[in-house]
Amino acid sequence: MAEPATNNVLDFEIHILPQQGERYPVQIRLGDGGDFTGSFAVPDIAGGNPVQDGQRLFNTLFADSKLRTAWDNARGRESQYRVRLWIDAAAAELHTLPWELLHDGEVWLSANARTPFSRYLTSEVPWGGPVAEHPIRVLTVISNPTDVDKYGLSPIDVAQERLLLEQVFAGFSPEQAQLTFLESPVTLARLEQALHTGYHVLHFVGHGTFGQRSQQAALYLQDDAGNANIVTDEQLNTILKQQPARPHLVFLAACQSATRSTLDAFAGLGPKLIRAGIPTVVAMQAQISVRAAQQMTPTFYADLMVHGEVDRALNAARSNLLAAHPTDAAVPVLFMRLQNGRLWANTAEINAYLAQVVPDYEMRMYQRVLGTRTTRDQPYKFLYPFEIEDAD
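Note that the structure is predicted; figures quoted are calculated from it, not measured. (Residues numbered from 1 in each chain as written. Predicted model: local features only at pLDDT ≥ 70, side-chain atom pairs only at ≥ 80, totals over all residues. Heavy atoms only, no water.)

**Some points on the environment of Ala254**
Then, in step 1: Inspection of the secondary structure puts Ala254 in the loop between β12 (249–253) and α6 (269–275).
Then, in step 2: Excluding residues within four positions of it along the chain, Ala254 makes contact with Phe204, Gly206, His207, Gly208, Leu219 and Met284. (Helix = DSSP H or I, 4+ residues; strand = E, 2+ residues; numbered from the N terminus. Contact = heavy atoms within 4.5 Å.)

**Let's talk about the nonpolar core**
Generally speaking, nonpolar side chains in soluble globular proteins are found buried as a group.
Then, in step 1: In terms of nonpolar packing, the biggest core is built from 41 residues, with Leu249, Phe300, Tyr301 and Leu304 touching the most fellow members.
Then, in step 2: Looking at which element gives the most residues to this core, the answer is helix α7 (residues 290–307), with six residues.
Then, in step 3: Excluding anything up to four places from it in sequence, Phe300 contacts Leu249, Phe251, Val282, Val310, Ala313, Leu314 and Ala317.
Then, in step 4: Grouped together as the second largest cluster of nonpolar side chains are 32 residues, Leu139, Leu182, Val186 and Leu273 included. (Core = buried A, V, L, I, M, F, W, Y, C linked by side-chain atoms within 4.5 Å. Buried < 20%, exposed > 50% of the residue type's maximum accessible area, 1.4 Å probe, protein only.)

**Observations regarding the side chain of Ser143**
Then, in step 1: With respect to the helices, strands and loops of the structure, Ser143 is situated in the loop between β6 (136–142) and α3 (158–169).
Then, in step 2: A residue is classified by how much of its surface remains accessible, and Ser143, at 1% relative accessible area, is buried.
Then, in step 3: At 2.6 Å, the side chain of Ser143 forms a polar contact with the backbone oxygen of Tyr220.
Then, in step 4: The residues touching Ser143, leaving out its near neighbours within four places in the chain, are Ile156, Val186, Phe204, Val205, Gly206, Tyr220, Leu221 and Gln222. (Polar contact = N/O pair within 3.5 Å; in protein donor to acceptor, adjacent residues only side chain to side chain.)

**Observations regarding the pairing of β12**
Then, in step 1: A large share of β12 lies buried, amounting to five of its five residues.
Then, in step 2: Here strand β8 (residues 201–205) runs beside β12; their pairing, made up of five bridges, is parallel. By the bridge assignment, His203 is partnered in β12 with Phe251.
Then, in step 3: For β12 and strand β13 (residues 280–284), the ladder comprises three bridges, and the chain directions are parallel. Each bridged residue has a counterpart across the sheet, and for Val250 the counterpart in β13 is Val281. (Pairing = 2+ DSSP bridges.)

**Focus on the packing of α3 against α7**
When two helices pack together, their arrangement is given by the angle between the helix axes and by the axis-to-axis distance.
Then, in step 1: Remark: α3 packs on α7, axes separated minimally by 9 Å, with the N-to-C direction vectors making an angle of 20°. Comparing the axis directions of α3 and α7 gives the class roughly parallel. Here the hand of the crossing between α3 and α7 comes out right-handed. Counted together, Gln160, Glu161, Leu164, Leu165, Val168 and Phe169 of α3 and Val290, Gln294, Thr297, Pro298, Tyr301, Ala302 and Met305 of α7 form the full contact between these two elements.
Then, in step 2: Among the residues making up the contact of α3 with α7, the classes are represented as nine nonpolar, three polar and one charged. (Axes fitted to C-alpha atoms, helices over the stretch in contact; angles between N-to-C directions. Parallel < 35°, antiparallel > 145°, perpendicular 65-115°, else oblique. Left-handed = near helix turned anticlockwise from the far one by under 90°. Nonpolar A, V, L, I, M, F, W, Y, C, P; charged D, E, K, R; others polar.)

**Structural notes on the sheet that holds strand β11 (residues 228–232)**
Then, in step 1: Within the open sheet, the three strands sit side by side as β9-β10-β11. Their pairing is antiparallel. In the strand order of this sheet, the two ends are held by β9 (208–211) and β11, each with one partner. For this sheet, the mean angle separating the axes of adjacent strands, direction not counted, is 35°.
Then, in step 2: In this sheet, β11 lies alongside strand β10 (residues 216–222) in antiparallel orientation, the contact comprising five bridges. Each bridged residue has a counterpart across the sheet, and for Ala218 the counterpart in β11 is Thr232.

**Side note on helix α8 (residues 310–324)**
Then, in step 1: With 15 residues, α8 should reach 21 Å at 1.5 Å per residue; the first-to-last C-alpha distance of 22 Å fits that figure.
Then, in step 2: Within α8, burial applies to Val310, Asp311, Arg312, Ala313, Leu314, Asn315, Ala317, Arg318 and Leu321.
Then, in step 3: Looking at the buried positions of α8, the neighbouring elements they touch are β4 (80–87), β5 (117–120), β12, β13, α7 and β14 (332–336). (Expected span 1.5 Å × (residues − 1).)

**Let's talk about the pattern of salt bridges**
Then, in step 1: Going through the model one piece at a time under the given rule, you end up with 14 salt bridges.
Then, in step 2: The shortest N-O distance in the salt bridge between Asp11 and Arg84 comes to 4.0 Å. With Asp11 in strand β1 (residues 9–16) and Arg84 in strand β4, this pair connects stretches of sequence that are 73 residues apart.
Then, in step 3: Relative accessible area serves as the criterion here: at 25%, Asp11 is assigned to the partly exposed category.
Then, in step 4: The exposure class of Arg84 is buried, given its relative accessible area of 4%.
Then, in step 5: Arg82 is the salt-bridge partner of Glu309, the closest N and O atoms lying 2.8 Å from each other. (Salt bridge = Lys/Arg side-chain N within 4 Å of Asp/Glu carboxyl O.)

**Digging into helix α4 (residues 188–195)**
Then, in step 1: Residues Leu188, Leu191, Ala194 and Leu195 constitute the buried set of α4. With its buried residues spanning 125° around the axis, α4 presents them on a single face. Facing away from the buried surface of α4 by more than 90 degrees, the exposed residues are Ala189 and Gln193.
Then, in step 2: Against β6, β7 (177–182), β8, β10, β11 and α5 (233–241) lie the buried residues of α4. (Arc of directions from axis to C-beta.)

**Some remarks on the confidence of the model for the chain**
Then, in step 1: Per-residue pLDDT for the chain averages 84, and the proportion of residues at 70 or more is 83%.
Then, in step 2: Long-range and interchain partners of residues 1–6, a stretch whose pLDDT sits below 50, account for 15 contacts in this model, where long-range means more than four residues apart.
Then, in step 3: Predicted confidence is poor over residues 361–392, with pLDDT under 50, and the contacts of this stretch with residues over four places away or in other chains come to 30 contacts. (pLDDT = per-residue confidence, 0-100.)

In structure tokens, the structure reads:
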């Protein structure tokens, strides 16, 4: 079980700027005020061996001695260091590199407990903040069109997907989390209606695609008859922008939901959701096996509900994938606009909140019914010592 969050976390921001000549300038900023500058040249990632590819990418990025000093500085500390990768929008060609493979020779950064990893994207929307209310409301959407075979896709095991999430959230009280499933057919109109009631998390399971020619991402939802209805990223963006309260987290367990275009840093569904004001998005940047997705999801939510840090939870889930599904471990990608990674309070903080708030609420109700003489120690008027005014 994951440990609650601590405040001893150092920010490690890597900002890659647009290309100058044959190299890309890099600025690294540490949370304690340290600034380091350097540059790197794009490596040739052969593919096939995730560890070797990750080490090659890491060694190229930190080949500059000044940048390596920044890394060694962070590694020498006892604290965690939150790695935030910020690729400038004008360097869009770098978004397709497998940054989630970064490996320093000892650990895989995006799968290590000490190095919570995420990608940062700029947006006109301010930084997100943690959920300020409880219970955490989770809307799960499992789209399984009846005619997916005609698109060359496999059916979704709806019962199995439901069971996975039900088992995870069964470990938390209704005051902590509430899990809701959108029943079939999963139409865009029904999704919009459900979101309007207010959910903190939108979890989607289904198929996705990315059109290289159109440069658009899309999800396979359903029409009223249950057949496939291909919903583009712009359509989904539109309904999310219209919500009075947008989800704080969107988890897209759909293949190719995070695919990036080298022409536009915001092409692809995950990044466009960030631009729409969703502070955290977990998406897939390539095809991922059903078994890998099913192994990752329970670990992610179980960790997240304990400490509330989304980047740390995805690192734990990715670590869980390495043994059984190493080729899929780099597929999940986290786009995050939370400065401290905190999506909501940890379990201990939630319990403390409930212990304080619920009795106060009950006391106010007692006072409304029984009178203002009620106190926490003596909630019922007639349990006080008898007084003359009680004779009425």
